[in-house]
Amino acid sequence: MSKVTVVGAGNVGATAANVMAIREIADEVVMIDIKEGVSEGKAMDMMQTANLLDMNTTITGVTNDYAATAGSDVVVITSGIPRKPGMTREELIGVNAGIVKQVTESVLAHSPNAIIVCVSNPMDTMTYLIHKVAGIPKNRIIGMGGALDSSRFKYYLSKALNANPNEVEGFVIGGHGDTTMIPMKRFATLRGIPVCNWLNEETIAKVVADTMVGGATLTKLLGTSAWYAPGAATAEVVEAIIHDQKAIIPCSALLEGEYGQSDICIGVPCLLGKNGIEKIIELPLNDEEKELFAKSADAVRKTNGALPC
């Protein structure tokens, strides 16, 4: 029996739980929230679709009862305040750091062998914080951001190519921020053919620029952070772990010399399976990409420096 806990039953957490249930990624999904009735109500609402959707996953909701999360294989942390229009992810650090630290300690007290997937923003810095407070092997701590950024990159590529999104491949590395992510245009393809064979440099540059502000674009339109794509991207990461898929997905991982960086969590391609991050894939970056990655790492470190001692 597989069990996943989602901490935070807001838009992103609830969407992640719903996608996991519909796709039957785990046998049991537990949502936990600090606000009375929210997780219970959303879980009940989702379970009332079970017959309609032929769904066999059990979803439960609890308020601040971490005992209900015991024995989780994967814990997803979405807790924290969302972005508002005009806010950067980095501006959330003061409030969210305290929340993420408390949540990490609470879930590990009941699920000491769990793999933790961090969604809370600023995501790379919150993932780094979890490494500092959790005391568990680094392969069991994963930041979700690269999976989401890559899905947005593929969306903008498919629009520019006027192609089926399922036939487009592309990924993003670097920090999960509007100025720090690096859409890897050199590796992007349509049906295995590099996109430079289909699109001119100006169009590719616009795809890259649109991807980098993809989250901010939605925040401006919605008045808060997006949730459908973040929730689905979270479910993709969890599925790779629970089903031991050995899938290569860009995630925020703790680097120890890879890409010339150490003591930092930042987005890189990772092989995900039952043990969490089973391998960090080192790409042969060209000089331009190396420079961009180094600048991205510097920006993430600056944000890390704002963490409470």
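Our subject is the structure that appears above.
Residues numbered from 1 in each chain as written. Predicted model: local features only at pLDDT ≥ 70, side-chain atom pairs only at ≥ 80, totals over all residues. Heavy atoms only, no water.

(A) Layout of the overall build of the chain. For the chain, the count of helices and strands is ten helices and 14 strands. Here the chain has a C-alpha radius of gyration of 18 Å; the compact-globule value for 309 residues is 19 Å, and the two agree. Seen through its C-alpha atoms, the chain measures out along the principal axes to roughly 55 × 50 × 35 Å. A separation threshold of at least 6 residues defines the contact pool for the chain, and within that pool the share at least 24 residues apart is 70%. (Helix = DSSP H or I, 4+ residues; strand = E, 2+ residues; numbered from the N terminus. Rg over C-alpha atoms; globule rule 2.2 N^0.38 Å. Contact = heavy atoms within 4.5 Å.)

(B) Representation of the state of the cysteines. Scanning all chains against the criterion turns up zero disulfides. The closest cysteine sulfur to the non-disulfide-bonded Cys251 is located on Cys270, 5.1 Å from its own sulfur. Looking at Cys251, the relative accessible area reads 0%, which means it is buried. (Disulfide = S-S within 2.5 Å. Buried < 20%, exposed > 50% of the residue type's maximum accessible area, 1.4 Å probe, protein only.)

(C) How the structure looks around unusual backbone geometry. Here the amide bond leading from Asn121 into Pro122 is cis, since omega sits at -5 degrees, within 30 degrees of zero. Inspection of the secondary structure puts Pro122 in the loop between β5 (115–118) and α5 (123–134). The phi dihedral of Asp54 falls on the positive side, at around 55 degrees, and the residue is not glycine. Note that Asp54 resides in the loop between α3 (50–53) and β3 (58–63). By relative accessible area, which is 62% here, Asp54 ends up exposed. The residue Tyr259 is not glycine, and still its phi comes out positive at about 55 degrees. Inspection of the secondary structure assignment puts Tyr259 in the loop between β12 (247–256) and β13 (262–273).

(D) Focus on the environment of Glu24. Residue position: Glu24 is located in the loop between α1 (11–22) and β2 (28–33). Taking the C-alpha atoms as reference, Glu24 lies 24 Å from Gly37; in sequence the two are 13 residues apart. In this structure the side chain of Glu24 is engaged in a polar contact, spanning 2.8 Å, whose partner is the backbone nitrogen of Asn56. (Polar contact = N/O pair within 3.5 Å; in protein donor to acceptor, adjacent residues only side chain to side chain.)

(E) Expanded view of the packing of α1 against helix α9 (residues 228–242). Axis separation between α1 and α9 bottoms out at 8 Å; the angle between their running directions is 50 degrees. Comparing the axis directions of α1 and α9 gives the class oblique. As α1 packs across α9, the resulting crossing turns out to be right-handed. Each of Val12, Thr15, Ala16, Val19 and Met20 in α1 lies in contact with α9, whose residues at this interface are Tyr228, Pro230, Gly231, Ala232, Thr234, Ala235 and Val238. A per-class count over the contact of α1 with α9 returns nine nonpolar, three polar and no charged. (Axes fitted to C-alpha atoms, helices over the stretch in contact; angles between N-to-C directions. Parallel < 35°, antiparallel > 145°, perpendicular 65-115°, else oblique. Left-handed = near helix turned anticlockwise from the far one by under 90°. Nonpolar A, V, L, I, M, F, W, Y, C, P; charged D, E, K, R; others polar.)

(F) The arrangement of the sheet that holds strand β10 (residues 189–190) in detail. What the three strands build is an open sheet, ordered β7-β10-β11; its pairing is antiparallel. In this open sheet, the two strands that pair with only one neighbour each are β7 (168–169) and β11 (193–194). When β7 meets β10, the two strands line up antiparallel, connected through two bridges. In the sheet register, Glu169 faces β10, and the bridge partner there is Thr189. (Pairing = 2+ DSSP bridges.)

(G) Looking closely at the pattern of salt bridges. Overall, the coordinates contain ten salt bridges when judged by the stated rule. Between Arg23 and Glu239 there is a salt bridge whose closest N-O contact spans 2.5 Å. On the criterion of sequence distance, the pair formed by Arg23 in the loop between α1 and β2 and Glu239 in helix α9 is long-range, its members being 216 residues apart. Given the relative accessible area of 46%, Arg23 is considered partly exposed. Between Lys246 and Asp244 there is a salt bridge, and its shortest N-O distance comes to 3.0 Å. (Salt bridge = Lys/Arg side-chain N within 4 Å of Asp/Glu carboxyl O.)

(H) Structural detail: the packing of aromatic side chains. Applying the stated criterion to the full structure yields four aromatic pairs. Here the aromatic rings of Tyr155 and Tyr156 are separated by 4.9 Å at their centres, their planes lie at 70 degrees, and the arrangement is edge-to-face. Geometrically, the ring pair formed by Tyr259 and Phe293 is tilted, given 5.2 Å between the ring centres and 35 degrees between the ring planes. In this pair, Tyr259 sits in the loop between β12 and β13 while Phe293 sits in helix α10 (residues 287–304), placing the two residues 34 residues apart along the sequence. (Phe/Tyr/Trp six-rings, centres within 6.5 Å; stacked < 30°, edge-to-face > 60°.)

(I) Layout of the nonpolar core. Membership of the largest hydrophobic core comes to 57 residues, with the highest contact counts inside it found for Val4, Met20, Met31, Val74, Val237, Leu272 and Phe293. Those residues in contact with Val237 that sit more than four places away from it in its chain are Val117, Ile142, Met144, Ala147, Ile249, Cys251 and Leu272. Counting residues in hydrophobic clusters, the runner-up holds 26 residues, among them Ile93, Ile130, Ala134 and Ile141. (Core = buried A, V, L, I, M, F, W, Y, C linked by side-chain atoms within 4.5 Å.)

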